[in-house]
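Listed here are the chains, written in short residue letters.
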Amino acid sequence: MVAQEYSLTTALPGPASQALHSRRAAAVSSAVGATLPVYIDEAGGGILRDVDGNQLIDFASGIAVTGVGATDPRVVERVREQAGKFTHTCFMVTGYEGYIEVCEQLNDLAPGDNEKRSALFNSGAEAVENAVKIARSATGRAGVVAFDHAYHGRTNLTMALTAKSMPYKSGFGPFASEIHRVPMAYPYRWPGGVDQCADQAFDAFVEAVHVRVGEENTAAVILEPIQGEGGFIVPAPGFVARLAQWCTDNGIVFIADEVQTGFCRTGNWFASEYENVVPDLMTTGKAIGGGLPLAAVTGRADLMDAPHSGGLGGTYGGNPIACAAALGAIETMRADDLVERSARLGKLLTGRLEDLASRYDVIGEIRGRGLMQAIELVSDREAKTPDAKTTAAINAAGHRRGLVTLTCGTFGNVFRFLPPLVIEEDLLSTGLDLLDEAFAEVVGA
Ligand SMILES: *Cc1c(COP(=O)(O)O)cnc(C)c1O
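Focus: the nonpolar core
The tendency in soluble globular proteins is for nonpolar side chains to be buried as a group. By size, the foremost hydrophobic cluster in this structure holds 83 residues, and its most contacted members are Val102, Leu120, Leu161, Phe263, Leu281, Leu435 and Phe439. Looking at this core element by element, the count peaks at 9 residues for helix 10 (residues 320–335). The residues that make up this core include at least three from each of domain 1 (15–72 + 338–443) and domain 2 (75–335). Residues contacting Phe439, with those up to four places away along its chain left out, are Leu356, Tyr360, Val362, Ile363, Ile375, Leu377, Ile394 and Gly444. Core analysis: the second largest hydrophobic core is formed by 30 residues, Val182, Leu223, Cys247 and Phe254 among them.

Here it is as structure tokens:
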């Protein structure tokens, strides 16, 4: 694996990256985004080594994917072995053990000791689409309720579920029908204040579903137990559990979208565990595959078995190499206790962010769990005015120093931290020093 050392040998981007970036402009659709114009040659642990030999610190994990790192030995070994045996059969044509084993692991790891089944897909969006198909098929209802600030993907149905227009939806409609949006229990920005947030958001939700959709027309409610792209919003305590219970009481399928929060990211296997919620259906993706594309729907056996035989599937879903990678990644999460590590490094991260907040007034709130944390930047702490401009400037200042960070949030003013769960403590600390320098450069020491 690449040495776990931060070092810059050129200004970023270096000449080799610049050359690739020019080639990209001539070959790749400009609609595909690029956070940093840097191209990677090798990666692992908490380091991304670029084609100029610069070793950047990874605070993004390729958007919460490489929890076990980009070259976890167990993933690499199993992928090599599987690729030498066969790359594909299509599980719907002739099966293989890896697919079944991943489903067994998911059924075991997912919250609740009820009887469960799983099905595998290629991407988080595809998993969400299938969760909705399953809920509709099982209930015979069409309506789906999603929240403000939600992100569920970029396919047509998941764009409809996603809240934010730019860049995800703008110009890409018309969108799927029967999607209804309700307010999110966003404590920092709840008009009635933090203390009222859970109760008032829950009441608003119940009223909206009753009045606008009708319980008897509602197939599913879908929620990220900590919202990802929308700003790492941790719902007010109690909100998720009340929603899930209300869904049960009304015969509505509660879908927890754990695509970003799953697999030890938040200091638990799944974020739903923080409120002891057993989702009817849970979608996973991102970190499940140790870097290879894989996603899943896991949930109550009676729901998962509701669609007709042959109703779910796809050519590549649960590809054998992706399954081998997932089994390696899950083995590492268990063997190296990444739940504990995520929680422990998360405390260290919180401490450092609190120190930053004590020195920089632009930080309005620190939130998140485990190694899924964020800071929301505001130009005025009282008025909580979102400060997207400063957020972008600090992000760029970090990027120039070789710190790979991402922003998010409906208002573009949230810095999110998603380092690989296996990042060495020293490297995490060096990365936070670089972040501190970036703040000093943009908003003064
Ligand atoms: C990333 C994400 C998705 C979409 O996953 P893709 O693999 O990009 O299709 C869905 N839901 C959540 C919560 C996500 O963070």
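Describing the domain arrangement of the protein chain
By the assigned domains, the protein chain splits into domain 1 (15–72 + 338–443) and domain 2 (75–335). Just the C-alpha atoms count here: the centres of domain 1 and domain 2 sit 25 Å apart. Each partner contributes to the interface: domain 1 provides 40 residues, whereas domain 2 provides 34 residues. Buried area between domain 1 and domain 2, both sides added, is near 3,100 Å², and the carbon and sulfur share of it is 59%.

Focus on the packing of helix 12 (residues 388–400) against helix 13 (residues 425–443)
Between helix 12 and helix 13, whose axes approach to 8 Å, the crossing angle comes to 130°. Relative to helix 13, the element helix 12 lies oblique. Crossing angle aside, the handedness with which helix 12 passes helix 13 is right-handed. Between helix 12 and helix 13, the contacting residues are Thr390, Ala393, Ile394, Ala397, Gly398 and Arg400 on the first element and Ala438, Phe439, Glu441, Val442 and Val443 on the second. In terms of residue class, the contact of helix 12 with helix 13 is made up of 7 nonpolar, 2 polar and 2 charged.

Some thoughts on the sheet that holds strand 11 (residues 363–369)
If you trace the 4 strands from one edge of the open sheet to the other, you get 11-12-15-14, paired in antiparallel fashion. A single partner strand is all that each edge strand has here, and the edge strands are strand 11 and strand 14 (406–408). Each strand axis lies, on average, 30° off the axis of its neighbour in the sheet, ignoring direction. In this structure, strand 11 lies alongside strand 12 (residues 372–377), joined through 6 bridges in antiparallel fashion.

Some remarks on empty space enclosed by the protein
Applying the stated criterion to the full structure yields 3 cavities of 30 Å³ or more. Space inside the largest cavity adds up to approximately 80 Å³. In the lining of the largest cavity, the residues fall into 7 nonpolar, 1 polar and 2 charged. Each pocket or cavity is described by its volume, and for the second largest cavity that value is around 50 Å³. In this structure, the second largest cavity is lined by Ala110, Pro111, Asn114, Lys116, Val278, Pro279, Asp280, Leu281, Met282, Thr298, Gly299 and Arg300. Counting residues per element, the ones that place at least two in the lining of the second largest cavity are strand 9 (281–284) and strand 10 (295–300). Here the element with the most residues in the lining of the second largest cavity is strand 10; it accounts for 3 residues. Its residues placed into classes, the lining of the second largest cavity shows 6 nonpolar, 3 polar and 3 charged.

Things to note about the site of the ligand
For the ligand, the full set of nearby residues is Ser123, Gly124, Ala125, Tyr151, His152, Gly153, Glu224, Asp257, Val259, Gln260 and Lys286. Between the ligand and the protein, one listed contact pairs a nitrogen atom with a side-chain N or O atom of Asp257 at 2.7 Å. Within the side chain of Lys286, a nitrogen or oxygen atom sits 2.7 Å from an oxygen atom of the ligand. Computed on the free molecule, the ligand has an accessible area of 380 Å², of which 83% lies beneath the protein chains in the complex.

Section: the layout of surface pockets
Here the second largest pocket defines a volume of roughly 410 Å³. Lining of the second largest pocket is provided by 21 residues; of these, Phe91, Tyr99, Ser118, Ala119 and Leu312 occupy positions nearest its centre. Among the secondary structure elements, those contributing two or more residues to the lining of the second largest pocket are helix 4 (97–109) and strand 4 (116–121). For the lining of the second largest pocket, the element with the highest residue contribution is strand 4, accounting for 5 residues. The residue makeup of the lining of the second largest pocket, split by class, is 10 nonpolar, 9 polar and 2 charged.

Digging into the packing of helix 3 (residues 73–85) against helix 10
Contact geometry for helix 3 and helix 10: axes closest at 8 Å, N-to-C directions at 155°. Considering the angle they form, helix 3 stands roughly antiparallel to helix 10. Where helix 3 crosses over helix 10, the handedness of that crossing is right-handed. Each of Arg74, Val75, Arg78, Val79, Gln82 and Ala83 in helix 3 lies in contact with helix 10, whose residues at this interface are Pro320, Ile321, Ala324, Ala325, Leu327, Gly328, Ala329, Glu331, Thr332 and Ala335.

Description of the pattern of salt bridges
Using the criterion set out here, one finds 23 salt bridges in the structure. The partner of Arg78 in a salt bridge is Glu331, with the nearest N and O atoms 2.8 Å apart. You can see Arg78 sitting in helix 3 and its partner Glu331 sitting in helix 10, a full 253 residues away along the chain. Looking at Glu331, the relative accessible area reads 33%, which means it is partly exposed. In this structure, Arg401 engages Glu441 in a salt bridge whose closest nitrogen and oxygen atoms are separated by 2.6 Å. With Arg401 in the loop between helix 12 and strand 13 (403–404) and Glu441 in helix 13, the pair connects residues that are 40 residues apart, well separated along the chain. Under the relative-accessibility criterion, Arg401 is labelled buried at 18%. Put simply, Arg74, Arg78, Glu331 and Asp336 are held in one network by salt bridges that share partners.

Thresholds applied
Residues numbered from 1 in each chain as written. Predicted model: local features only at pLDDT ≥ 70, side-chain atom pairs only at ≥ 80, totals over all residues. Heavy atoms only, no water. Core = buried A, V, L, I, M, F, W, Y, C linked by side-chain atoms within 4.5 Å. Buried < 20%, exposed > 50% of the residue type's maximum accessible area, 1.4 Å probe, protein only. Helix = DSSP H or I, 4+ residues; strand = E, 2+ residues; numbered from the N terminus. Domains from an automatic or database assignment. Contact = heavy atoms within 4.5 Å. Buried area = accessible area lost by both parts, 1.4 Å probe. Axes fitted to C-alpha atoms, helices over the stretch in contact; angles between N-to-C directions. Parallel < 35°, antiparallel > 145°, perpendicular 65-115°, else oblique. Left-handed = near helix turned anticlockwise from the far one by under 90°. Nonpolar A, V, L, I, M, F, W, Y, C, P; charged D, E, K, R; others polar. Pairing = 2+ DSSP bridges. 1 Å grid on protein atoms, 1.4 Å probe; cavity = no way out; pocket = protein on both sides within 12 Å on 5 of 7 lines; lining within 4 Å. Points joined across faces, edges and corners; volume = space filled by probe spheres on them. Near = heavy atom within 4 Å. Polar contact = N/O pair within 3.5 Å; in protein donor to acceptor, adjacent residues only side chain to side chain. Areas by Shrake-Rupley, 256 points an atom, 1.4 Å probe, with all protein chains shown as cover. Salt bridge = Lys/Arg side-chain N within 4 Å of Asp/Glu carboxyl O.

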